[in-house]
There are 2 protein chains.
Amino acid sequence: MERLPGFRDFYPEPLPSKDAWSADARSYLFDQWRAVARRYGFREYDGPPLEPLELYTAKSGDEIVGQLYNFSDKGERAVAMRPEMTPTLARMIAGHQRNYPKPIKWFAIPQLFRYERQQKGRLREHFQLNADVFGEKDPSVDAELIALLIDTLRALGLTDEDFVVRLSSRNAWQEFFVQRGGTPDRAYAFFQVIDKLEREQEAESARLLQALGFALPDVQEFIRAATPTEELGLILSQLSARGLSPYVKVDYNVIRGLAYYTGPVFEAFDRRGEFRAIAGGGRYDNLVKVLSGGKVDLPALGFGMGDVVLMELLRARARLPEFTAGIDVVCLIEDEARRPQTLRLAQRLRDAGRAVEFSLTAAKPDKQFKRALELKARCTAQIEPDGSVRVRELKARDERRLSVDEFVQSMTQAR
Amino acid sequence: MERLPGFRDFYPEPLPSKDAWSADARSYLFDQWRAVARRYGFREYDGPPLEPLELYTAKSGDEIVGQLYNFSDKGERAVAMRPEMTPTLARMIAGHQRNYPKPIKWFAIPQLFRYERQQKGRLREHFQLNADVFGEKDPSVDAELIALLIDTLRALGLTDEDFVVRLSSRNAWQEFFVQRGGTPDRAYAFFQVIDKLEREQEAESARLLQALGFALPDVQEFIRAATPTEELGLILSQLSARGLSPYVKVDYNVIRGLAYYTGPVFEAFDRRGEFRAIAGGGRYDNLVKVLSGGKVDLPALGFGMGDVVLMELLRARARLPEFTAGIDVVCLIEDEARRPQTLRLAQRLRDAGRAVEFSLTAAKPDKQFKRALELKARCTAQIEPDGSVRVRELKARDERRLSVDEFVQSMTQAR
């Protein structure tokens, strides 16, 4: 029985086929995401992968239902597998924000689900690093969040030649819109045209803009000038102080499709433009209030970074490390009479935190040794008839004889 | 809008309420699970949380549907949120086992879903450490798997006074059953009675056994004698060689409810008997063949360990460590003019892998320092007017002045 289309199995390396997904690469990615988020003082949270359907329709309207894995559960509740994390997060924050000092800096790595047409870099599930900050309006927080985004990608071995964060501002576009006589009821339609500018034919964009009372050359000139707002200026200067200028540029082509963004917005792209956006986010100062039914009003900002596009990029740029089982010691058993002693040795090494393998059944010594080489183990250890341990370092091809205690001791310190 | 009943939110510590679930404790648990599995050479895998419904009915019959989160997706496929990992794993193994040397030792930490009546230690979702081995019949592999189970619990600070693995054997019961003239068609019904023996009234058990042609005292004597089979004897001797005897005992009360077990079976319980089983598993040598439609025949064994009962036990025995944000350095900004230099310092420390916090907006020095204490940071660092760094170790209450380079250097080596 096959798995569902758009869903993935994750296998240990070496992978069984070229298009298989690597569980080791996924662990590596999640470890890096977690490590960098923690360096920035972000704390991990999680919520249910199944939520009341209303949680999503309240934010995105009934149209979203067409893209959801939604159903009635056995208690006749309308439920949906989570398509995004923000509504869950807003519920958690609205309920318990008083317990946490501001700004609240949280992250999660949820698996998200959307029933949509399959295409490159878009499956029906993916994992996403979500990082959000609540309770602070100052743009220095936007700078901190964007720095986290940049450092997350740097930690994966990507450089300023590989990616750039395109920084923009809903406020800048709002001002542009108002200055030229735009009326509030048409603002979202205008933002939608801007959002599609890069992907749309010029004539079509010009037509759409004209219908809203705008001229394409005027819009193009505004984008070309890329004059940072005061807010963006502060964000840029704080990123500059951190030495992160090479990773960011003002680019008003970015505006983000969703209705709820309110201030600075940004997207990370590969420099060569071969992939979809790596990450995207921005300010959403009104959303907590909307989603909490007016009970809690907290400024907020955040970004999401999916695993699929990022993994494609890391593979294309050959930035993934080699993954092995990470075995420290393979114990060799030359004579089955010494299996009990060897089991004791393996236990002591594992108790000391070392990864240990050995043949669980009787096997020829050369076969055991070959397996140690396949596993790329650091060393082999064989208990000799006199009770000592013969240790072979497989890279250095160095051989030593130690007492069991000496060997365990050396493996306890090493690492 | 509330979350669904039986589902959990996970919050960073300090927790907002006494009954809230801790994301930090969950991370700690998963980290320990992963670390110990890797020490044993187990490799991580994962599969989809949504699978074809048939994957589960093929193994467990149509009765299981009543306990599933199942529905028709928008492509009219009958699907279900995974209630267990074994069918997914069997599919993956059957498809790609040729790629991996035997025995294949794999683990996963899936979230599993069951629509069932809520009760203590049983929610509608939980996480489960699944560890399985494929391709080896020898009971030394059972010993290795049980040792992994024991060491997983030991790594969490539990001792032989806290838990015991009750080891039993389907083969022993099968032999008992056949010796006393049991017929194959009644074997499963007999196993079901044995499985419920400890929870059922004696009179009722006696009645049920008699109906199957057995006498309760005979069954009780067999359990009391607890004579290990040859297979169990080998497992016990290998656990003894590892020094793990105190954690295991033969107990024929255990038989495991599910139909598909074939050899040794086991369950881990807290010694005081206050909780449901912490973990359970055993041999299932025929299941891969059944689930692969006869295509692949591999002996197999495995166990599952859920997060809910285990977390209750760890809390009850006070074995969880204290969780903090793990901040290494809080940078203090006495004068906003020195914010750019401080940002640069924070960046360098984070680049060196340190977790760094600082006030993102202007704040009074004593408030900043108080926050560092709240965070239980290792130290504070303040850039002085002369460009040097004043470092205060918060535990040792020690104060030093260093150059920025010296400080970054010291934080790069430390840890």
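Residues numbered from 1 in each chain as written. Chains lettered and ligands numbered in written order. Predicted model: local features only at pLDDT ≥ 70, side-chain atom pairs only at ≥ 80, totals over all residues. Heavy atoms only, no water.

*Asks:* How would you summarise the confidence of the model for chain A if you had to cite specific residues and measurements?
*Replies:* Averaged over every residue, the pLDDT of chain A is 95; the share at 70 or more is 98%. Among the prediction metrics, the complex's ipTM stands at 0.96, with pTM recorded as 0.96. (pLDDT = per-residue confidence, 0-100.)

*Asks:* Describe the sheet that holds strand β18 (residues 389-393) of chain A, and please don't skip the residues or the numbers.
*Replies:* Residues and elements named next belong to chain A. Taken together, the five strands give an open sheet; going across it, the order is β16-β15-β17-β18-β19, and neighbouring strands pair in mixed fashion. Unpaired on one side and paired on the other, β16 (356-358) and β19 (398-402) mark the two borders of the sheet. Between one strand axis and the next, the sheet turns through 25° on average, direction left out of account. Two elements, strand β15 (residues 329-332) and β16, share three bridges in a ladder whose sense is parallel. Across the sheet, the residue bridging to C331 is F358, located in β16. (Pairing = 2+ DSSP bridges. Helix = DSSP H or I, 4+ residues; strand = E, 2+ residues; numbered from the N terminus. Axes fitted to C-alpha atoms, helices over the stretch in contact; angles between N-to-C directions.)

*Asks:* How would you sum up the side chain of K105 of chain B? Please name residues and give values.
*Replies:* Mapped onto the elements of the fold, K105 of chain B is located in strand β7 (residues 104-108). Classification of K105 of chain B by relative accessible area gives buried; the value is 5%. Of the polar contacts made by the side chain of K105 of chain B, one reaches the backbone oxygen of Y40 of chain B; its length is 2.7 Å. A polar contact of 3.1 Å, which involves the side chain of K105 of chain B, links it to the side chain of E144 of chain B. When near neighbours in sequence (up to four residues on either side) are disregarded, K105 of chain B contacts R350 and E357 of chain A together with Y40, G41, F42, R43, D132, V133 and E144 of chain B. (Buried < 20%, exposed > 50% of the residue type's maximum accessible area, 1.4 Å probe, protein only. Polar contact = N/O pair within 3.5 Å; in protein donor to acceptor, adjacent residues only side chain to side chain. Contact = heavy atoms within 4.5 Å.)

*Asks:* Requested: an account of the pattern of salt bridges, with residues and values cited.
*Replies:* Oppositely charged side chains may form a pair once their charged atoms are brought near each other. Per the stated rule, a full pass over the model turns up 92 salt bridges over all chains. Across the salt bridge formed by E384 of chain B and R390 of chain B, the nearest N and O atoms sit 3.3 Å from each other. For R390 of chain B, a relative accessible area of 28% puts it in the partly exposed group. Where salt bridges share partners, they join E384, D386, R390, R392, E399 and R401 of chain A into one cluster. (Salt bridge = Lys/Arg side-chain N within 4 Å of Asp/Glu carboxyl O.)

*Asks:* I'd like a description of unusual backbone geometry, backed by residues and values.
*Replies:* With an omega of -5°, the peptide bond running from K102 of chain A to P103 of chain A counts as cis. As for its placement among the helices and strands, P103 of chain A is situated in the loop between α3 (86-96) and β7 (104-108). Within the chain, E76 of chain B stands out as a residue other than glycine whose phi angle is a positive 60°. With respect to the element layout, E76 of chain B can be found in the loop between β5 (70-72) and β6 (78-81). Given a relative accessible area of 72%, E76 of chain B falls into the exposed group. One non-glycine residue, A226 of chain B, lies in positive phi territory at about 50°.

*Asks:* Account for the pairing of strand β15 (residues 329-332) of chain B, with residues named and values stated.
*Replies:* Across a regular strand the side chains alternate sides, sitting on one face of the sheet and then on the other. Residue and element names in this part refer to chain B. Where burial is concerned, the two faces of β15 agree: the one with V329 and C331 and the one with V330 and L332 are both buried. Between the parallel pair β15 and strand β16 (residues 356-358), the chain is carried across by helix α12 (residues 339-351), and the sense of this crossover is right-handed. Relative to strand β17 (residues 379-383), β15 is paired through four bridges, and the arrangement is parallel. Note that in β17 the partner of C331 across the bridge is A381. (Right-handed = clockwise from strand over helix to strand, strands pointing away.)

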